[in-house]
Amino acid sequence: MIAALVILPLLGAIIAWLVPDNRLRPWLLPVFGMLHGAITVDLILSPPLPSLQGWIHLDPLGCLALVAISPLFLACSFYAVGYLNYRQERSNRILCMGLLVCLSAMSLTSVAHHLGLLWLALETTTLVMAPLVYFNRNARSLEATWKYMMICSVGIALALLGLFFLAYSMLVAGHEATLLLDQLVSRAGVLSPAWLHAAFVFILVGFGTKVGLAPLHTWKPDAYGEAPGIVGALLSGGLVTCGVLGLMRIYQVCIAAGDTTFYRDALVGLGLLSTILAAVFLVRQADFKRMLAYSSVEHVGVIAIGLGIGKGAIFFTLLHLLANSLTKGVLFLTAGNIHRSYNSKRCDVVHGVLRRLPWTGSLFLAGFFAGTASPPFGMFLSEFGIIAGSFAAGRPVVTTILVVSFAAAYLGMAANVLPMALGERLRESERTLYRDSFLTVAPPLLLTLILLLMGLCFPLPLARLVHNAAFLLGGE
Amino acid sequence: MTQIADQILVFVLLLNFVVLGSSRLAVSVRIVAIQGIALGLLPAILHHFSVHLSFISFGMVAVKGFIIPLLLTRAVNRLTSKRESDPFVGHIPTLVVGGICTALSFAFAGRLPLAPEHQGLMIVPAAISTLLAGLLVIVTRRKAVSQVIGYLLLENGIFIFGQLLTTAMPFMVEAGVLLDLLVGIFVMGIIIGHIRAEFSSVDTSRLTTLRDV
C-alpha cells in the first residue's frame, strides 16, 4: 500500500506526459489526488509494519505529514483544473508532471525511515519545483527560479554533509555507520557528541534553508511571489511540511542522545529571528504574494520555537504544522484568484476584492484571520498552546518576544489585507476575464472549513494521532 | 595507501585555489573536472576492491569528470564573454580568504574525534575546506556558470567526506546522490540558457528586480 502511495503519482506523471490535450491533462491531478487521499486514509486507519529492513515505516509523525499534505494536494489539484482553464495560452504539461512527481516525493519523505532516502526525496521535491516556479516564463520568475535553485541546492547539500556527520558519529562510537532512524535513535546515547553537534548544525542550516527559517529565507519571497498560486500553496504547505519533518527526524536523534540544551537553544534562536524578521517585513509589504511568503517565514519560525521549547509545546507545534499547511493553501489559492482578476499583485492596485469577487474576497479574508491565529481557527489553538508551553517551560523572554511579534505581524498584515478586501474599487483598474467559478472557490472553501473544524471541535482520532506523534518527539 | 590518498587530497586542495584565482570560466570548468576525476580515484585507493565501490568510482568519474563538464563547456561556449571579469570580490582577496578558510578547517577538524582506522588521514579538513571554497566561489562571483562551478566544488567537498563512510553507505543512496547532482546541474544549465536569452548575459547581478526595501 505504501508503495502505491509513492508509485501511483509517478504513474500519473507519465500519463500526464503522454496526454496531448491541454484541457484534458489537468483532470489527471484530481484523479490522482483522490487516489492518493484514499490510500492515505486507508494507511492511517491500518498502519502497515516496517518494510525493506526498516527503510520504509509509516510512524505517527509520517502519518501526520500525510494528513497535512494529502488534503492540501487534493484542494490544489481541483483548483488547478479551474486555474489552468485561464492559462490555456501555454502548455501545462510540465506543470502537471511536476506536481505529480512532487506528490510522489512528498509521500516518500513521509514514509522514509532511512535518512539518506529522506534526503533524496527532499532533494527531489526541490528540483522538481524549479521549473514550476518558472511557469510564467518572464524575467522576474527567471530571477526567482535561479535564486531558489541556487540557495536551496546549496542548503540541501549542506544537509547531506550533516547526515554524513551523523552516520560517522556512529562509526566513531564503534558501531557500524548507518542512517537508519530506528538504529540511530536506539543508540543515540553512545553517539560521539562532537560529531552529533556538527551534524545538527549542518542539518539545521540545510533543512532550515529548505523551509525558509531566517536568515536562510531569502529565496522565499521571490519564489512565492513569482510562482503561480497553486505552486506557492504547495511550496509553503507541502514542502515546508516535508522540510520540517526532516528537521524533526534529526530532533528525534538529538533528544534521544540526552543533553538537549544546545539543540533547543539553536532552534529557539533561529525561530525567534524568523518571527521578528517576518513581523518587520510584513508591515508595509507592497506585494501581497510576497507578504504571504513572510507570513510563511513567521509560521516556520513558530514551529522551530515550539520544537525548541519541547515538552507540552510539542503537541501544539505539530498542530501548527497541520494548520499551517491548510492555511497556506487557502491564502495562496485565493491570492492566485485575486492576481488573475486584477492582473496585478500589488496591494495599492488591488482594492474592493469583496465587491469584485465576493467568494474569493471573503475566503482570502478568512485565510488572513486563520493565518494570523485568530479564533476560532485551528492556528489560534496551536499558537496559544505554544505560548502557554513556553511560559510553562520558564522562558518569559521568549514568550514576550513571541507575543509582541505575533501582534506586529497581525497589524502589519491587517494594514495590507483589509484595504485590499474592503476598500472601494479603483475606477481605472483593469477588467480581466477571471470570474469566481466552482473549481477555483470550492477548494479553498473546503480547506477553510477544515480549519474551522480544527479550531471548534478537534476530531478525537486526529488528536490521538497528533498525541502519538508528539510522543515520538519527547512531548507530553 | 593512506599516503597516496593524502597526496590526492593535497592536489585537490591546490585545485581549489586554482579555481578561486582563475577568471576564465573554461579553465575553472576543466579544473573542477580534473578534481572530480581525482576524487573518483579515492575510493579505489582507500578501500578494498568491491563491486559496489567500483560502481561509485566509475559513476563519479563519468558524471563529474565528463558529463557535467561537457554540459558546462557547452554553456560557456555560447557566451559572448567567457571571463569572470568583474566579480563582487576580487580574485586576490578571494584567494586570501580561501587560505584563511583552509587554515580554519584544519583547526576545526582537529577538534573532531576520528575513528581509529581513519587516524592520520586528511579527509575531514580537505572536505571542509573544499566545501568552503565552493561557498566562497558562489558568493563572490557574478556569472551564473561560476556559481554552478562553486556548487560543484561544494559537492566535491561532501564527496570527500563521504569516503569515510563509503563502505557503510548503501549503494542506492550514493547512486541517488549522483543522479540528483546530475539533474540539478542539468536544471541549472537550462536556467542559465534562459537567463542568457532573457538578459543577453549570464551576469546574476542583473537579477535584482525582486527585493524588499
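Predicted model, so just to flag it, every value in this text is computed and none were measured. (Residues numbered from 1 in each chain as written. Chains lettered and ligands numbered in written order. Predicted model: local features only at pLDDT ≥ 70, side-chain atom pairs only at ≥ 80, totals over all residues. Heavy atoms only, no water.)

1. Overview of the overall build of chain B
Part 1 of the argument: A tally of regular secondary structure across chain B gives seven helices and zero strands.
Part 2 of the argument: Of the regular secondary structure in chain B, the N- to C-terminal order runs α-α-α-α-α-α-α.
Part 3 of the argument: Its C-alpha atoms give chain B a radius of gyration of 18 Å, near enough to 17 Å, the size a compact globule of 213 residues would have.
Part 4 of the argument: Its C-alpha atoms give chain B principal-axis dimensions of about 55 × 35 × 35 Å.
Part 5 of the argument: Within chain B, buried positions represent 55% of all 213 residues.
Part 6 of the argument: Here the analysis covers contacts within chain B between residues at least 6 apart in sequence; of these, 79% occur between residues at least 24 apart.
Part 7 of the argument: As presented, chain B carries roughly 9300 Å² of accessible surface, and 69% of it is formed by carbon and sulfur atoms.
Part 8 of the argument: The centroid of the 14 positive side-chain charges in chain B is displaced by 12 Å from the centroid of its 10 negative side-chain charges. (Helix = DSSP H or I, 4+ residues; strand = E, 2+ residues; numbered from the N terminus. Rg over C-alpha atoms; globule rule 2.2 N^0.38 Å. Buried < 20%, exposed > 50% of the residue type's maximum accessible area, 1.4 Å probe, protein only. Contact = heavy atoms within 4.5 Å. Areas by Shrake-Rupley, 256 points an atom, 1.4 Å probe, with all protein chains shown as cover. Lys, Arg positive; Asp, Glu negative; His and termini not counted. Charge placed at Lys NZ, Arg CZ, Asp CG, Glu CD.)

2. A look at the side chain of Gln252 of chain A
Part 1 of the argument: Tracing the backbone shows Gln252 of chain A in helix H10 (residues 229-256).
Part 2 of the argument: Its relative accessible area of 8% is what places Gln252 of chain A among the buried residues.

3. Comments concerning the UniProt feature "transmembrane region" (unreviewed entry) in chain B
Part 1 of the argument: As annotated in UniProt, the feature "transmembrane region" (unreviewed entry) corresponds to residues 52-76, 88-109, 121-139, 151-171 and 177-197 of chain B in the numbering used here.
Part 2 of the argument: Between the C-alpha atoms that bound residues 177-197 of chain B there is a distance of 30 Å. The span itself is 100% helix and 0% strand. (UniProt positions renumbered as here; feature names shortened; annotations may be inferred.)

4. Some words on the pattern of salt bridges
Residue and element names in this part refer to chain A.
Part 1 of the argument: Per the counting criterion, the structure on display carries 11 salt bridges over all chains.
Part 2 of the argument: Note that Arg395 is salt-bridged to Asp265, the shortest N-O span being 3.3 Å. With a gap of 130 residues between them, Arg395 in the loop between helix H16 (378-392) and helix H17 (396-421) and Asp265 in helix H11 (residues 261-282) connect regions that are remote in the sequence.
Part 3 of the argument: Taking relative accessible area as the criterion, Arg395 reaches 22% and is therefore assigned partly exposed. (Salt bridge = Lys/Arg side-chain N within 4 Å of Asp/Glu carboxyl O.)

5. Some thoughts on a nonpolar patch on the surface
Part 1 of the argument: Residues Ile92, Val96, Ile100 and Leu104 of chain B make up a contiguous nonpolar surface patch of roughly 410 Å² in combined accessible area.
Part 2 of the argument: Structurally, the position occupied by Ile100 of chain B is in helix H4 (residues 91-110). (Patch = residues over 30% accessible without salt bridge, like charges linked within 9 Å, V, L, I, M, F, W, Y side chains within 5 Å.)

6. Remarks on the packing of helix H5 (residues 115-133) of chain A against helix H6 (residues 139-172) of chain A
All names here are of chain A.
Part 1 of the argument: Two elements in contact, H5 and H6, have axes separated by 9 Å at closest approach and are oriented at 175°. The orientation of H5 with respect to H6, classified from their angle, is roughly antiparallel. Residue-level inspection shows Leu115, Trp119, Leu122, Glu123, Thr125, Thr126, Leu127, Met129, Ala130 and Val133 of H5 in contact with H6, the latter providing Ser141, Ala144, Thr145, Tyr148, Met149, Cys152, Ile156, Ala159, Leu160, Leu163 and Leu166.
Part 2 of the argument: Looking at side-chain class alone, the contact of H5 with H6 contains 16 nonpolar, four polar and one charged residues. (Axes fitted to C-alpha atoms, helices over the stretch in contact; angles between N-to-C directions. Parallel < 35°, antiparallel > 145°, perpendicular 65-115°, else oblique. Nonpolar A, V, L, I, M, F, W, Y, C, P; charged D, E, K, R; others polar.)

7. Looking at the interface of chain B and chain A
Part 1 of the argument: Between chain B and chain A, the residue contacts involve 47 residues of the former and 49 residues of the latter.
Part 2 of the argument: For the chain B and chain A pair, buried surface summed over both sides reaches about 4000 Å², with 77% attributable to carbon and sulfur atoms.
Part 3 of the argument: Taken together, the connections running from chain B to chain A amount to zero salt bridges.
Part 4 of the argument: For the interface between chain B and chain A, the tally reads four residue pairs in polar contact (both at pLDDT 80 or more). (Buried area = accessible area lost by both parts, 1.4 Å probe. Polar contact = N/O pair within 3.5 Å; in protein donor to acceptor, adjacent residues only side chain to side chain.)

8. Examining the state of the cysteines
Part 1 of the argument: Following the criterion strictly, the structure yields zero disulfides over all chains and no others.
Part 2 of the argument: With no disulfide of its own, Cys102 of chain A lies 7.3 Å from the sulfur of Cys242 of chain A, the closest cysteine sulfur. (Disulfide = S-S within 2.5 Å.)

9. Section: the UniProt feature "domain: NADH:quinone oxidoreductase/Mrp antiporter transmembrane" (unreviewed entry) in chain A
Part 1 of the argument: The feature "domain: NADH:quinone oxidoreductase/Mrp antiporter transmembrane" (unreviewed entry), as given by UniProt, occupies residues 112-404 of chain A in the numbering adopted here.
Part 2 of the argument: Across residues 112-404 of chain A, the secondary structure splits into 78% helix and 0% strand, with the terminal C-alpha atoms separated by 38 Å.

10. Notes on the nonpolar core
Part 1 of the argument: Trp146 and Leu318 of chain A together with Tyr151 and Phe161 of chain B are the most contacted members of the largest nonpolar core, which has 239 residues in total.
Part 2 of the argument: Sorting elements by how many residues they give to this core places H6 of chain A first, with 22 residues.
Part 3 of the argument: Residue contacts for Phe161 of chain B: discarding those within four places in its chain leaves Leu161, Phe164, Phe165, Tyr168 and Trp195 of chain A together with Ile123, Val124 and Ala127 of chain B.
Part 4 of the argument: Membership of the second largest hydrophobic core comes to 11 residues, among which are Val268, Leu272, Val302 and Ile387 of chain A. (Core = buried A, V, L, I, M, F, W, Y, C linked by side-chain atoms within 4.5 Å.)

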